[in-house]
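Read off the chains here:
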Amino acid sequence: MPSLVINSSKKQYEILIENGLLDHLESHLDPAVFYIMIADDQIPDIYLNQIAVATPNHIIIRFPAGEPNKSVSTFNHIINQLIVHNVQKDACILAVGGGVTGDLSGFVASVYMRGIPYIHIPTTLLAQIDSSVGGKVAINYEQAKNIIGAIYPPQKVFIDPITLKTLSPRHLMNGMGEMIKYGMIADESLFNRILTEDVFTNLESFIASALLIKKHFVETDEFDCGIRQQLNFGHTIGHALEAYFGYQKYLHGEAVAIGMVAAVTDPQIKETLVKCLQKYHLPTENPVAINKLKPFLQHDKKQMRIVTVAKIGYAEIIPSPF
Ligand SMILES: NC(=O)c1ccc[n+]([C@@H]2O[C@H](COP(=O)([O-])OP(=O)(O)OC[C@H]3O[C@@H](n4cnc5c(N)ncnc54)[C@H](O)[C@@H]3O)[C@@H](O)[C@H]2O)c1
């Protein structure tokens, strides 16, 4: 079973990656602990039932799926449930689902009784390779995305790639946008494997390779002041496109795919990147003129810089051409 340890300033935590891991969580969870499973209403019951076998003492809190529900009102609903069930500091939250559930549950854990433990059990590819690691937790406030949040690392992360079998093809490809980004910014050989191999027959290994890259960035720059910003490759235009369309048209990884193509200037690299994105049915053309996106660009206002790739596997931060 591939496993990784992440070192953060608050704690060290382990990530386990294994096909079928949810079938034997008993060896990784404490039957004496009171667990609170938090999941949206689209997560198949089968995963919650598997986890229930290993947690004799648990409750389940569900909320409506989707980015608009990463909200203050869902946060209030969950806090209310924790109080109703008299949840104490020695309980532990299990965040079962995609990045929305992980960000929301992690934020609840960070503030309830000034902080209780939580474990990520990510079930989308995006959450398995990205959002479950690094400790960024948040909710949205009206249209402001991730504006209320914290850096609050989980106790553990349990990744079972088999859960991806029930994920919609569109959400699976959405995660591939972020996986391609890792190859582009930090690992040419991972990029070439994504381009030439069948990722889905060997997901365990691809997830582990992607997480090794995320580990490097979050350990080197936990608080996002320097090198971690390279993870934003494709995000300047990507975020602007998501916001321009009111978060209705593109999933995050799709918008990042378009943003990566826009952020590369070398024609050969652009061509190779487009080929790779097209292999995973991701969009590559920006349908909106840059001047229309300008109001949505989230540059660092003083620096106006973006991340680009001039050689596959190496990112650099340059003055923004947008
Ligand atoms: N914290 C971070 O570092 C970080 C990084 C990247 C993205 N994010 C956040 O992640 C969120 C997006 O996450 P996402 O793409 O996982 O979306 P999501 O959490 O909305 O999940 C997508 C959909 O897939 C369903 N689903 C999840 N697992 C499933 C499974 N195994 N089978 C069937 N259906 C399943 C969900 O119910 C949901 O409807 C955004 O809010 C973004 O801001 C956070």
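Treat the numbers as computed from the prediction; the structure is a model and nothing was measured. (Residues numbered from 1 in each chain as written. Predicted model: local features only at pLDDT ≥ 70, side-chain atom pairs only at ≥ 80, totals over all residues.)

**Focus: the overall build of the chain**
- Across its full length, the chain carries 11 helices and 11 strands.
- Here the C-alpha atoms of the chain give a radius of gyration of 19 Å, agreeing with the 20 Å that 2.2 N^0.38 yields for 322 residues.
- Considered along the principal axes of its C-alpha atoms, the chain spans approximately 60 × 40 × 35 Å.
- Here the chain holds 322 residues, and the buried ones make up 43% of them.
- Look at the contacts in the chain between residues 6 or more apart in sequence, and 70% of them connect residues 24 or more apart. (Helix = DSSP H or I, 4+ residues; strand = E, 2+ residues; numbered from the N terminus. Rg over C-alpha atoms; globule rule 2.2 N^0.38 Å. Buried ≥ 20, exposed ≤ 12 C-beta atoms within 10 Å, placed from the backbone. Contact = placed C-beta atoms within 7 Å.)

**Remarks on the nonpolar core**
- One finds I93, L94 and V96 to be the most contacted residues of the largest nonpolar core, which totals 89 residues.
- Ranked by residue count, the leading element in this core is helix α5 (residues 169–186), at nine residues.
- Counting residues domain by domain, this core receives three or more from each of domain 1 (3–166) and domain 2 (169–319).
- Excluding its chain neighbours within four sequence positions, the residues that come into contact with V96 are M37, I38, A39, I43, Y47, L48, I51, T101, I121 and T123. (Core = buried A, V, L, I, M, F, W, Y, C linked by C-beta atoms within 7 Å. Domains from an automatic or database assignment.)

**What about helix α8 (residues 235–244)?**
- Most of α8 sits out of view: eight of its 10 residues are buried.
- Inspection of α8 places H235, T236, I237, G238, H239, A240, L241 and E242 among the buried residues, and these make up the whole buried set.
- Looking at the buried positions of α8, the neighbouring elements they touch are α9 (252–263), α11 (290–293) and β10 (305–311).
- Immediately beyond the C-terminal end of α8, within one or two residues, lies G246, with a positive phi of roughly 60°.

**With respect to the site of the ligand**
- Around the ligand sit 29 residues in total, of which Q42, G98, G99, T124 and S131 are the nearest.
- Listed by contribution, the elements that provide at least two residues to the shell around the ligand are α3 (99–111), α4 (125–131) and α5.
- Among the residues making up the shell around the ligand, the classes are represented as seven nonpolar, 16 polar and six charged.
- Three or more residues apiece are contributed to the shell around the ligand by two domains, here domain 1 (3–166) and domain 2 (169–319). (Near = placed C-beta within 6 Å. Nonpolar A, V, L, I, M, F, W, Y, C, P; charged D, E, K, R; others polar.)

**Let's talk about the domain arrangement of the chain**
- Each assigned domain of the chain is listed with its residue range as follows: domain 1 (3–166) and domain 2 (169–319).
- One C-alpha centre belongs to domain 1, the other to domain 2, and the line joining them spans 25 Å.
- Listed by partner, the interface residues are 21 residues for domain 1 and 23 residues for domain 2.

**Here's the deal with the sheet that holds strand β6 (residues 118–122)**
- Reading across the sheet, the seven strands line up as β1-β2-β9-β6-β5-β3-β4 and stay open at both edges, with mixed pairing between neighbours. Every other strand in the sheet has two partners, leaving β1 (3–7) and β4 (58–63) as the edge strands with one partner each. Going from strand to strand, the sheet's axes swing by 20° on average, the running direction of each strand aside.
- Packed onto the sheet, helix α2 (residues 72–84) meets β3 (35–40) and β4 and runs at close to 160° relative to β4. (Pairing = 2+ DSSP bridges. Axes fitted to C-alpha atoms, helices over the stretch in contact; angles between N-to-C directions.)

**Looking at the pairing of strand β11 (residues 314–319)**
- Of the strand pairs in this sheet, β10 and β11 are connected by six bridges, and their pairing is antiparallel. Residue V307 lies in a different strand from β11, and its bridge partner there is I317.
- What sits between the antiparallel neighbours β10 and β11 is a turn of two residues, in which G313 has the positive phi angle 100°.

**Some remarks on the packing of α9 against helix α10 (residues 267–279)**
- Two elements in contact, α9 and α10, have axes whose closest approach is 9 Å; the angle formed by their N-to-C orientations is 165°. Comparing the axis directions of α9 and α10 gives the class roughly antiparallel. Here α9 and α10 pass one another in a crossing that is left-handed. Listed contacts from α10 to A257, M260 and V261 of α9 are K270, L273, V274 and L277. (Parallel < 35°, antiparallel > 145°, perpendicular 65-115°, else oblique. Left-handed = near helix turned anticlockwise from the far one by under 90°.)

**So, unusual backbone geometry**
- The backbone of N86 sits at a positive phi, close to 55°, despite the residue not being glycine.
- Here N86 lies in the loop between α2 and β5 (92–97).
- Residue N146 is not a glycine yet carries a positive backbone phi of 55°.
- One can find N146 in strand β8 (residues 144–151).

**So, the environment of K214**
- Mapped onto the elements, K214 comes out in helix α7 (residues 203–220).
- Among the residues examined, K214 registers 23 C-beta atoms within 10 Å and is labelled buried.
- Each C-alpha atom of the pair K214 and V72 lies 28 Å from the other, and the pair is 142 residues apart in sequence.
- What K214 contacts, discounting residues up to four positions off in sequence, is D130, V133 and G134.

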